[in-house]
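Given next are the chains, with one letter for each unit.
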Amino acid sequence: MAAGAETFSLREVLVAFTACVSEQREVRVDPYLAGWKGLVRFLNCLGTIFSFISKDAVTKIEIIENYRNSDQQEKYLTVQSMVEYELANDLVDLQKRSKHPDSGCRTFLRLHRALHWLQMFLEGLRTGEDNSKTSVICSETYNASLANYHPWIIRKAAGVAFCALPTRNTFLETMNVGTAEEAVAMLGEALPYICEVYKITEELYAQHKLLDLP
Ligand SMILES: CCCCCCCCCCCCC/C=C/[C@@H](O)[C@H](COP(=O)(O)O)NC(=O)CCCCCCCCCCCCCCC
């Protein structure tokens, strides 16, 4: 485990996702990115074998952060306002990546798909047997979700990296939220919020036919 892991608690990350949904049922971008940044820090604690994954996540987080720091920052306050602004101004490549290869909409979609994996993975961890293998939970949930969007070489590299994951109980303790039982309880509290963020985004993207953005 890399230095710094002991000062890090996954609770703060999950709390960020609980702050994502506004009273109008909009998804706030800043806490969403804060949640992902925390997950990336956690992933980095698990070892350098995961750095190709965290680098890609960081690239995507930074693309959206740049929009949040631009002249158009208020247009990127929520996922709803981002979609509305980019579509109204023709800022999204709908068929193939060309004029706007890094639109907020296509970049956010990549994180959104990864959130689906996260939701399934955390649920698998929460309900798994004490001595079950995190690597198995991880690869099963990855194959059922994100893998469908990844080329063979990425799937292969991901599969190799998953083998480095510790057992479920060690993994739960690495989360620094107390005992494995306490970590499971925290997952139970946090997961409905993550599911809600996922569901709202999925509905929005489906409504605008954006779920297959190149
Ligand atoms: C705990 C183990 C973590 C395993 C992570 C499982 C997810 C595996 C994802 C593999 C992605 C490989 C990197 C490359 C991806 C890109 O090709 C691909 C497509 O992008 P493009 O359209 O711009 O080309 N990118 C993506 O799909 C975005 C992937 C973002 C992955 C972020 C994963 C962060 C994982 C954080 C784990 C934290 C675990 C917390 C547990 C309590």
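Scoring rules and cut-offs
Residues numbered from 1 in each chain as written. Predicted model: local features only at pLDDT ≥ 70, side-chain atom pairs only at ≥ 80, totals over all residues. Heavy atoms only, no water. UniProt positions renumbered as here; feature names shortened; annotations may be inferred. Helix = DSSP H or I, 4+ residues; strand = E, 2+ residues; numbered from the N terminus. Contact = heavy atoms within 4.5 Å. pLDDT = per-residue confidence, 0-100. Core = buried A, V, L, I, M, F, W, Y, C linked by side-chain atoms within 4.5 Å. Buried < 20%, exposed > 50% of the residue type's maximum accessible area, 1.4 Å probe, protein only.

Looking at an unreviewed UniProt entry, one finds the chain named Ceramide-1-phosphate transfer protein, with Mauremys mutica as its source organism. If you open the UniProt record of the chain and go to Sequence similarities (unreviewed entry), you find "Belongs to the GLTP family."

What follows covers the side chain of S132. Among the structural elements, S132 can be located in the loop between α5 (104-127) and α6 (134-143). Those residues in contact with S132 that sit more than four places away from it in its chain are I137, T167 and R168.

Another point: the confidence of the model for the chain. Confidence in the prediction of the chain, expressed as mean pLDDT, is 94, and 96% of residues score 70 or more. Scored below 50 in pLDDT, residues 1-6 makes 7 contacts in the model with residues more than four places away or belonging to other chains. Two summary scores accompany this predicted model of the complex, namely pTM at 0.96 and ipTM at 0.98.

So, about the UniProt feature "domain: Glycolipid transfer protein" (unreviewed entry) in the chain. Mapped onto this structure's residue numbering, the UniProt feature "domain: Glycolipid transfer protein" (unreviewed entry) falls at residues 27-176. End-to-end, the C-alpha atoms of residues 27-176 are 27 Å apart, and along that stretch the chain is 65% helix and 0% strand.

With that settled, consider the nonpolar core. Grouped together as the largest cluster of nonpolar side chains are 64 residues, with contacts concentrated most on Y32, M175 and Y205. Take this core: its biggest share by element is 13 residues, from helix α9 (residues 180-207). With near-sequence residues (within four places) excluded, Y32 lies in contact with F17, C20, V27, F108, L111, H112, L115 and V197.

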